[in-house]
Amino acid sequence: MAELFIKQAKQYAETRPNYPEELFKFITSKTTNHELAWDVGTGSGQAAASLSGIFENVIGTETSPKQIEFATKLPNIRYELTSPAMSIAELEQNVAAQSTVDLVTIAQAMHWFDLPQFYNQVKWVLKKPNGVIATWCYTVPEVNVSVDAVFQPFYTVDSDPFWEPQRKLVDNKYMTIDFPFEPVDGADSTGPFDRFVIEKTMDLEGYFSYIRSWSAYQTAKDKGVELLTENVIENFRRAWNEDGQSRKVVRFPIYLRIGKVGNNI
């Protein structure tokens, strides 16, 4: 997975949307303590940065050194480069001791994980019984009827052969992802909950930069295929400029799974 983002790490850091404050308020309202959070697959640190304003300490782990290079640096965030297959001994050495973490977060990354192995780590490191795991994904951008009409065939037809199979978990809004945790207080299930949305103001070049940060875009490029052909760009440009507004609010719906560890061993 890490290799998919190496070449566009800087672009990823610059163009990926930040998550809304309301998302973190909701998640952290379900945690008993705010001492230590572990952000897994931290990428360029968007979630870690938000958590750092709530938790005393945040650990962000990532398998890509390029991603960490561009991550947000703050005094109470510690970034660690970890192997994709961490042992419990490595987890204790590089992340935290057993039953010491209040919250584990995974932002737009859990579809890449070896879930059985990862869940063993989560259950080992979270405080029992109320330690919380929260994972979310955001789906495709929504602009307006005209732009979205161009985007849909571009996403579902043009780019589809170049996405990794795991992307389908995102398309399914994490509904089908295995999630063996207990509902948090005040919730009847572990989700996915769809009450949150990212909003980012973009011009057309920013929109294209976001597309170029896709793993599918890089995979296609490596195979000699340019997804943003002149014809595609022109179709997007025509739709984007239809209303005469160069900058638009782009919406990314968020789907959250959240649960507590309970007395899992």
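As annotated in an unreviewed UniProt entry, the chain carries the name Methyltransferase type 11 domain-containing protein and comes from Citrus sinensis.

Asks: Hey, could you run me through the overall build of the chain in this one?
Replies: When helices and strands are counted, the chain shows twelve helices and seven strands. For the chain, the C-alpha radius of gyration of 19 Å lies close to 18 Å, the compact-globule estimate for 265 residues. In the chain, which comprises 265 residues, the share counted as buried stands at 54%. The contacts of the chain with a sequence gap of at least 6 include a subset with a gap of at least 24, amounting to 77%. Here the chain displays about 11,900 Å² of accessible surface, and carbon together with sulfur accounts for 48% of that area. The averaged location of the 34 negative side-chain charges in the chain is 1 Å from the averaged location of its 26 positive side-chain charges.

Asks: I keep staring at the UniProt feature "domain: Methyltransferase type" (unreviewed entry) in the chain and nothing clicks. Help me out?
Replies: Under the UniProt annotation, the feature "domain: Methyltransferase type" (unreviewed entry) is placed at residues 39-133. In this annotation, residues 39-133 is assigned 31% helix and 21% strand; the end-to-end C-alpha distance for the span is 10 Å.

Asks: What is the right way to read the pattern of salt bridges from this model?
Replies: As a working rule, side chains carrying opposite charge can pair if their charged atoms are close by. This model, assessed by the stated rule, comprises 13 salt bridges. Where lysine 168 meets aspartate 160, a salt bridge forms, and the shortest distance between an N and an O atom there is 3.2 Å. Put simply, glutamate 234 and arginine 238 hold a salt bridge, and the shortest N to O gap is 3.7 Å. Placement of both glutamate 234 and arginine 238 in helix 12 (residues 230-240) is noted, with a separation of four residues, approximately one turn of the helix.

Asks: Sorry if this is basic, but what is going on with the packing of aromatic side chains here?
Replies: Any pair of aromatic rings gets described here by the distance separating the centres and the angle formed by the planes. In this structure the tally under the stated criterion is 24 aromatic pairs. Ring centres of phenylalanine 118 and tyrosine 119 lie 6.0 Å apart, and the angle between their planes is 40°; on these two criteria the pair is classed as tilted. Judged by relative accessible area, tyrosine 119 falls into the buried class, the value being 3%. Between tyrosine 155 and tryptophan 214, the ring centres sit 5.9 Å apart and the planes meet at 75°, which makes this aromatic pair edge-to-face. Pair noted here: tyrosine 155 is in helix 8 (residues 145-158) and tryptophan 214 is in the loop between helix 10 (204-212) and helix 11 (215-222), with a separation of 59 residues, a long-range link. Classification of tryptophan 214 as buried rests on a relative accessible area of 2%. Directly above the aromatic system of phenylalanine 181 lies the positively charged group of lysine 123, at a separation of 5.7 Å from the ring centroid. Geometry around tryptophan 163 places arginine 167 over its ring, the cationic atom sitting 4.5 Å from the centre.

Procedures and definitions
Residues numbered from 1 in each chain as written. Predicted model: local features only at pLDDT ≥ 70, side-chain atom pairs only at ≥ 80, totals over all residues. Heavy atoms only, no water. Helix = DSSP H or I, 4+ residues; strand = E, 2+ residues; numbered from the N terminus. Rg over C-alpha atoms; globule rule 2.2 N^0.38 Å. Buried < 20%, exposed > 50% of the residue type's maximum accessible area, 1.4 Å probe, protein only. Contact = heavy atoms within 4.5 Å. Areas by Shrake-Rupley, 256 points an atom, 1.4 Å probe, with all protein chains shown as cover. Lys, Arg positive; Asp, Glu negative; His and termini not counted. Charge placed at Lys NZ, Arg CZ, Asp CG, Glu CD. UniProt positions renumbered as here; feature names shortened; annotations may be inferred. Salt bridge = Lys/Arg side-chain N within 4 Å of Asp/Glu carboxyl O. Phe/Tyr/Trp six-rings, centres within 6.5 Å; stacked < 30°, edge-to-face > 60°. Lys NZ or Arg CZ within 6 Å of the ring centre and 35° of its normal.

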